[in-house]
Amino acid sequence: MSESGPNQGEGQIDHRGAGRTVLLLRSAKLLTPAGQFLCLLRDVSAAGVRLRFLHAMPEFDNRVTLQTASQDQYALELVWQSQVEAGYRFSRPIDLEAFITERTPFEHRPIRVVVSSAVVLTIGETRIPARLRDVSREGARLDIESKLALGQRLKIVGRDWPETDATVCWRLHPEHGVSFQRSVELAELAQRIMAMNMRNA
């Protein structure tokens with residue numbers, strides 16, 4: 001993909017005739033063939049959206065899908081990119097007000113990103129292999145062959161995941177949901193996800 005920036009005229013999204021541009025600072029995720037990636041929405045108009053990444057810009061296809069916290073999805077086409085930002089145009093007309101307000105009949109939940117990474121759970125002296133299936137700042141979904149008790153406290157650690165204290169909050173064997181005892185910083189979460197995706201590439 002060619003590299004250009006938002007201050008280089010040939011690479012910009014043309015907002016003229018597209019109505020107002022609204023500044024945002026809100027988390028979302030990109031769905032790509034290389035995996036899912038956290039990003040920040042920086043500004044949006046009816047023409048397109050500017051995204052910022054919390055790590056070096058990954059190599060994406062020119063066409064990706066943006067999913068917001070309301071679970072709405074938007075097909076995007078790359079217009080320009082720099083080291084940590086990219087500008088996309090919407091592939092189809094959007095409802096700008098719905099995008100800005102993220103209207104949904106359901107309660108907003110933290111952005112959850114699908115991953116696949118081997119981890120080890122520690123419960124006392126017992127170590128149990130598991131696989132991380134999705135993560136957010138607040139918790140994760142794990143595949144575990146053993147059936148753990150609700151309320152069970154444990155530690156999670158993996159090659160791309162630091163030791164984290166967590167509690168089992170739901171289960172549908174082999175899937176288990178855990179809540180972290182301490183929220184993960186957004187930048188750290190984005191970088192961990194990037195590392196997992198690159199390892200699986």
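What counts as what
- Residues numbered from 1 in each chain as written.
- Predicted model: local features only at pLDDT ≥ 70, side-chain atom pairs only at ≥ 80, totals over all residues.
- Heavy atoms only, no water.
- Salt bridge = Lys/Arg side-chain N within 4 Å of Asp/Glu carboxyl O.
- Helix = DSSP H or I, 4+ residues; strand = E, 2+ residues; numbered from the N terminus.
- Buried < 20%, exposed > 50% of the residue type's maximum accessible area, 1.4 Å probe, protein only.
- Pairing = 2+ DSSP bridges.

Enquirer: It is not clear to me how the pattern of salt bridges should be interpreted in this structure. Could you clarify?
Expert: Opposite charge on two side chains permits pairing when their charged atoms draw close. The full count for this structure, using the stated rule, is 13 salt bridges. Across the salt bridge formed by Glu102 and Arg26, the nearest N and O atoms sit 3.7 Å from each other. With Glu102 in the loop between α1 (96-101) and β7 (113-123) and Arg26 in strand β1 (residues 22-32), this residue pair connects regions lying 76 residues apart in the sequence. Residue classification places Glu102 among the buried positions, given a relative accessible area of 6%. Ionic pairing is found between Arg42 and Glu85, a salt bridge with its closest N-O pair at 3.8 Å. Of this pair, Arg42 sits in strand β2 (residues 35-44) while Glu85 sits in strand β6 (residues 85-90), and the two are 43 residues apart along the sequence. For Arg42, a relative accessible area of 25% translates into the label partly exposed. The exposure class assigned to Glu85 is buried, which follows from its relative accessible area of 9%. Connected through salt bridges with shared partners, the residues Arg42, Asp43, Arg50, Arg52 and Glu85 form a single ionic network.

Enquirer: Honestly, the pairing of strand β5 (residues 73-81) in this entry has me stumped. Any pointers?
Expert: On a regular strand, one side chain projects to one face of the sheet and the next to the other, so that they alternate. Most of β5 is tucked away: 7 of the 9 residues are buried. When strand β4 (residues 63-67) meets β5, the two strands line up antiparallel, connected through 5 bridges. Each bridged residue has a counterpart across the sheet, and for Leu66 the counterpart in β5 is Tyr74. Where β4 hands over to β5, the hairpin turn is made up of 5 residues, of which Gln71 adopts a positive phi near 75°. Relative to β6, β5 runs antiparallel, the two being bridged by 5 bridges. Residue pairing for β6: Gln81 is matched across the bridge by Ala86. Connecting β5 to the next strand, β6, in antiparallel fashion are 3 residues.

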